[in-house]
Each structure stands twice: as structure tokens, then as C-alpha cells.
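Understanding the architecture of this molecule
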Amino acid sequence: MLRDITIGQYYPVRSPIHGLDPRTKLAGTFIFLISLFVTKSLIGYLIATFALIFLIRISRVPARYITKGLKPVLIILVISVSFNIFLTPGRLLFAIGPLKVTAEGLKTAGFMAIRLIYLVIGSSLMTLTTTPTQLTDALERSLGFLNKVHVPVHEIAMMMAIALRFIPILIEETDKIMKAQMARGADFESGNLIRRAKALVPILVPLFVSAFRRAADLANAMEARCYHGGGGRTKMRPLKYGTSDKRAYAVMLVYFVIMILTGFLKI
Amino acid sequence: MSIRAEHLTHLYSPGTAFESYALKDISFEIADGSFVAVIGHTGSGKSTLIQHLNGLYRPTSGTVYYNGEDIFAEGYDLKALRTKIGLVFQYPEYQLFEEDVITDVMFGPKNMGLSDDEARARAKKALMQVGIGESLYKRSPFDLSGGQKRRVAIAGVLAMDPEVLILDEPTAGLDPRGREETLAMLEELHSERKITVILVSHSMDDVAECADMLMVLKDAELKFFDRPKEVFRHVEELESYGLAVPEITYLAHDLIKAGLDIDPTVSTVSEAKAELLKLLKW
């Protein structure tokens, strides 16, 4: 059931991507995301596609596992694509009733869909190959300069790590509560909208109660171990760039320059 | 009339790095009115197994028959089945959600389509059976003590008047007195209501006293399904599964080693007492 949700989950295999420094992956993800927006040409998207396929292949994460993570985004995708198709002014192709389909609309909708899908795949590739702890470390180090302007970088990174860590726990908890209520004859699948919304109460109330309980427990446990924020803390495994990271940065740079250049192409 | 599992196999996350067997080719038959204990180490598949019995999980292969009918067959009414096979989850107090105790217990019966009055009558009967007094009916379930919450949650399943009652570690996290009270309550339900009870546990001492059949799971496989006394003969195997025989059985074995002639399958304190008295020729 809910076990199928893969957002933010780590996929434990060994691969060249898993082995990279998390900062490299963070930078790579940003470069990839920006590159999707600087290019407007077909060739640019083709290059991005090849890059993505290449990355997925060497990450050893099954492609099916990644595409499964796309399911929740599907609704947003359908809505934004149909808005683009029907509401973009331009050369009229055909019309279904009041809905006008234009050539420009189709084009923007297509690009939009590709961008959205690649955005999700690109960023989930990062979370699939990086543990939440590594990811937080990377964020904390990369954004460390913001400390100078009194942004609590460590605290924000910590909150993010905890949030990521809690996703699978809360999913499991929801699954358990749902099943417990189903065992008591609850029905989540039939009835009209109001009945279905009402059927959620027996899930949401226990879920909130347990989320607060877990949060309080965690806060107590952190305090019992004298957690006091980031100041003066050292790391057991400090982040260090290796040769493969340097190579990865070189590849990223080449990729990014090419993508910018394709932005000037007319195709 | 029975629950019969045939070659039940369940595979988690097939085709990914998380793939693992939760159940491997498990077959058994539980007769009506029996008291079965399912025992096994953490992660041995106990909880997964019982969730197949009321159709919350679908097996990868194999099936379950209830009273001769395949519960995973097309068109089988699983919702009706779940009212006949009551399942109390581990830490059931976390499923409470209503404003007061009585309304929460009425949730199950109301889902069965009973009227308010009928549901209330059933809830009252169930609450009485678990030892929750009328003074608590209007209290918020979140204000009760841990043991009380758990009993209210068990009443929530009992109120549906199931033919089979399955409980997943009902004594987990309770103090010794709460543990004893819960087990005594189950024995009473079993003998009074004549319902089948399936109890999941990892404490041999808990189950030796009340169960008449014992199911031992290890790494998704069914290792033993026999009367407790027969199972307790296999001390070394049980220990290699990370399980133990009841404390009193260990004591009996030590006494035999010391030269006393008593039955090695002793598994409860009262049996041990009888054996020792026999030895003393009382």
C-alpha cells in the first residue's frame, strides 16, 4: 500500500554515484536543475536526457524504482500540462468546444512536462544515492557562509534531516493505523467525497497524536545527550573531496557550458 | 470450520534491493475453539502472518481458507471477514481516536451497520469483559492510563463479536500485573465465548500457560506447529532460533541433572508443583 512511496528514501547499493562526496552531488543536482531552464532547444533536452540515463545507469538504482517515485507528481503534471495546452495564445491548431489548442501551447506544454519530470528524477536521484545524514552535512558545509549573516544553518540542516528521517516512519505509522482501523471495519474506498473525508478522521487523529509523541520523545532524547546546536561540534566523518569528486566537477562544468551554448541554438 | 493456510508465501518489495521473504511456504490448520500461540524472534514473520489471516496483506503465492472458502478469491467479502476475524494490533492504544471511550469502542460495530443502540449494547458488553467500568465511558481515551487504553482498544475489536480473536503482542510494554491480567482476560474470553484465540508473543512463559497449540516461526519459515509440551522438547533448536523454553522447564532440567526423577516436559509452575509433590510421595 503506502510502502510504495519512495520520495526522499535512500537506496542502499554501492555505486560510483553513492561514493561521491554529498557536496558534489548537491552541486551536481543544482547544475542539472539550472541547466534544464537555461536551454530551450531540442538538442539541449536530448543532452539532458542522455546525461540522466547515464547517471541512472551508473547509480545502480533500478529505473523502475525511480519512475515509481513519479506517481505522486503525476496530478500536478497533468494539471500544469493541460493549462499550458489550452491557455497559451498563438496559432490555432484545432478546438474542442471552448478549449483552443495552439501550436505554441503544445510546445510549451511538452517542454514543461519534460522539465518537471527531469526535475523530479534529478532530485530524487540525489536523495536515492545520499543518506539523510550525508545530505545534511553537505548542506551545512555548503551553506556555512550564511552563518556570518546570522542564519542558523546548522539548525535548519538538522530540521531537514529529521524531517527526511521521519518520512518513512510516518508512512509506516499511517500504514499501521490504516490497517488497524480496517480491521475494525473502516472503509476508505467507497462512498462520496464527504464520507471519504470523514473516514480519514480515524487515521489522522491517531497519526497526529503519535507524531507529537515521537517529536517529544526525540526532543527529550536529544536533550538527554546534551545536544546544544552546532557550535563547537566536530564530525566523526568530516567531508573530504577525492579524485572522483574532482572528475565529477569537471564533467559537470563541461555539461553546463554545453547546455548554456545550446540555449543560443534555434532548434 | 477452521482457518487453513496453504503454501502461504509473502515477498517484500520484489525486484528491488529491499527484497526479502516475510513468509516462506507456510501451511497449517487452526481448528475452531483452539488457543494458538505464535512465537518467534523479532522479524520472523509473526505479524505479517496474522495480517494474512484477515486479508490485510495479499500473499505473493498460496492462500488462506476460512471455513473452507478461499479468502483471496475474486469477490470474497473481506470487509465481512474482518468482523469475524478480529485483529488487535501491537500497541493497539495508538488507534484510539474518538472523543470518549464508549464512542471509540462503538466504531467497529457501527462500521458493521448496526444501529446506535445495538452498537452501544455491544460496546458496553465488550468494555465489561475487559474490565473497564462505567465511570470511564465518558472520559477521553487519551486521558486513560496505558493499561486502560490498551484494554479499551481490545474492547474495540471484541465489540464486533468476532469468531476468531487475533492479538499481536498484547502484553508488550505492560507491567507484570498488567500482563497477568491481560492473559487471564484472554483465557476467560476463550473459555466463555468459545472463540478461537491466536496470540502472538515472544515470551514462552506467557504462552506456556494458556496455549494449547504452539506455532514457532524462524526467518519467515514455520518450524514447529504442535502442542507446547512437544515443542518444548526441542530446547536446543529453540535456543538457536533466539527463543527459550519457560523458566520452569529449565529448572526441571537442572533438577533432572541433579538426579531427581521428574518429567522433562514440565512447562508451568503448577505442573512442576505436582511433579515435585509426587516425588515427595504426598
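What you are looking at is a predicted structure, and each value in this text was computed from that prediction instead of being measured. (Residues numbered from 1 in each chain as written. Chains lettered and ligands numbered in written order. Predicted model: local features only at pLDDT ≥ 70, side-chain atom pairs only at ≥ 80, totals over all residues. Heavy atoms only, no water.)

The subject of this paragraph is the overall build of chain A. Looking only at helices and strands, chain A features 11 helices and two strands. What you see in chain A, going N to C, is helices and strands ordered as α-α-α-α-α-β-β-α-α-α-α-α-α. Along the longest, intermediate and shortest principal axes, the C-alpha atoms of chain A span 65 × 60 × 40 Å. Within chain A, the fraction of its 267 residues that count as buried is 37%. Look at the contacts in chain A between residues 6 or more apart in sequence, and 75% of them connect residues 24 or more apart. Element-wise, carbon and sulfur atoms account for 71% of the exposed surface of chain A, whose accessible area totals about 16,300 Å². (Helix = DSSP H or I, 4+ residues; strand = E, 2+ residues; numbered from the N terminus. Buried < 20%, exposed > 50% of the residue type's maximum accessible area, 1.4 Å probe, protein only. Contact = heavy atoms within 4.5 Å. Areas by Shrake-Rupley, 256 points an atom, 1.4 Å probe, with all protein chains shown as cover.)

Residue and element names in this part refer to chain B. Helix α4 (residues 116–129) packs onto helix α3 (residues 101–111) with a crossing angle of 115° between their chain directions and a minimal axis gap of 8 Å. By crossing handedness, the relation of α3 to α4 is classed as right-handed. For the pair α3 and α4, contact is made by Val101, Ile102, Val105, Met106, Pro109 and Lys110 and by Asp116, Ala119, Arg120, Arg122, Ala123, Lys124 and Leu127, respectively. Class assignment for the residues of the contact of α3 with α4 results in eight nonpolar, no polar and five charged. (Axes fitted to C-alpha atoms, helices over the stretch in contact; angles between N-to-C directions. Left-handed = near helix turned anticlockwise from the far one by under 90°. Nonpolar A, V, L, I, M, F, W, Y, C, P; charged D, E, K, R; others polar.)

In many reports, interface size means the accessible area that the parts give up when they come together. Residues and elements named next belong to chain B. Splitting chain B by domain gives domain 1 (2–243) and domain 2 (246–282). Summed over both sides, the interface of domain 1 with domain 2 buries roughly 800 Å², with 61% coming from carbon and sulfur. Three residues, Asp205, Lys229 and Phe232, lead the burial of domain 1 against domain 2; their summed loss comes to 53% of the area buried on that side. Joining domain 1 to domain 2, the criterion identifies one salt bridge. Between Glu271 and Lys229 there is a salt bridge whose closest N-O contact spans 2.8 Å. Taken together, domain 1 and domain 2 are joined by three residue pairs in polar contact (both at pLDDT 80 or more). At the level of secondary structure, the elements contributing two or more residues to the side of domain 1 that touches domain 2 comprise α7 (204–210), α8 (228–232) and α9 (235–240). With four residues, α7 is the single largest residue contributor to the side of domain 1 that touches domain 2. Here the residues of the side of domain 1 that touches domain 2 are counted per class, giving four nonpolar, no polar and five charged. (Domains from an automatic or database assignment. Buried area = accessible area lost by both parts, 1.4 Å probe. Salt bridge = Lys/Arg side-chain N within 4 Å of Asp/Glu carboxyl O. Polar contact = N/O pair within 3.5 Å; in protein donor to acceptor, adjacent residues only side chain to side chain.)

This next bit is on the nonpolar core. With 49 residues, the main nonpolar core has Leu127(B), Leu165(B), Leu186(B) and Leu238(B) as its most contacted residues. Counting residues per element, this core draws most heavily on helix α5 (residues 146–158) of chain B, at six residues. Once residues lying within four places of it in the same chain are set aside, the contact partners of Leu165(B) are Gly86(B), Val88(B), Val157(B), Leu158(B), Leu186(B), Leu189(B), Ile195(B), Thr196(B), Val197(B) and Ile198(B). With 41 residues, the next largest nonpolar core counts Ala180(A), Leu23(B), Tyr76(B) and Leu87(B) among its residues. (Core = buried A, V, L, I, M, F, W, Y, C linked by side-chain atoms within 4.5 Å.)

What follows covers the interface of chain A and chain B. The interface is formed by 23 residues belonging to chain A together with 27 residues belonging to chain B. A buried area of about 2,200 Å², summed over both sides, lies between chain A and chain B, and 62% of it is on carbon and sulfur atoms. The largest share of the area that chain A buries against chain B comes from Lys179(A), Ala183(A) and Arg184(A), three residues that together contribute 32% of it. Where chain A packs against chain B, one counts five residue pairs in polar contact (both at pLDDT 80 or more).

In this section: helix α10 (residues 201–224) of chain A. Taking 1.5 Å per residue, 24 residues should reach 34 Å; α10(A) reaches 34 Å between its end C-alpha atoms and fits that length. For α10(A), the full list of buried residues reads Pro202(A), Ile203(A), Pro206(A), Leu207(A) and Ser210(A). Buried residues in α10(A) make contact with α8 (153–183) and α9 (193–199) of chain A together with α3 of chain B. Immediately beyond the C-terminal end of α10(A), within one or two residues, lies Cys226(A), with a positive phi of roughly 60°. (Expected span 1.5 Å × (residues − 1).)

Structurally, the position occupied by Thr29(A) is in helix α2 (residues 22–38). Beyond its immediate sequence surroundings of up to four residues, Thr29(A) is in contact with Gly122(A), Ser123(A) and Met126(A).

What follows covers the environment of Leu49(B). Residue and element names in this part refer to chain B. Mapping Leu49 onto the fold places it in helix α1 (residues 46–53). A residue is classified by how much of its surface remains accessible, and Leu49, at 1% relative accessible area, is buried. When neighbours within four sequence positions are excluded, Leu49 is seen to be in contact with Leu8, Leu23, Ile26, Phe28, Val38, Met215 and Leu217.

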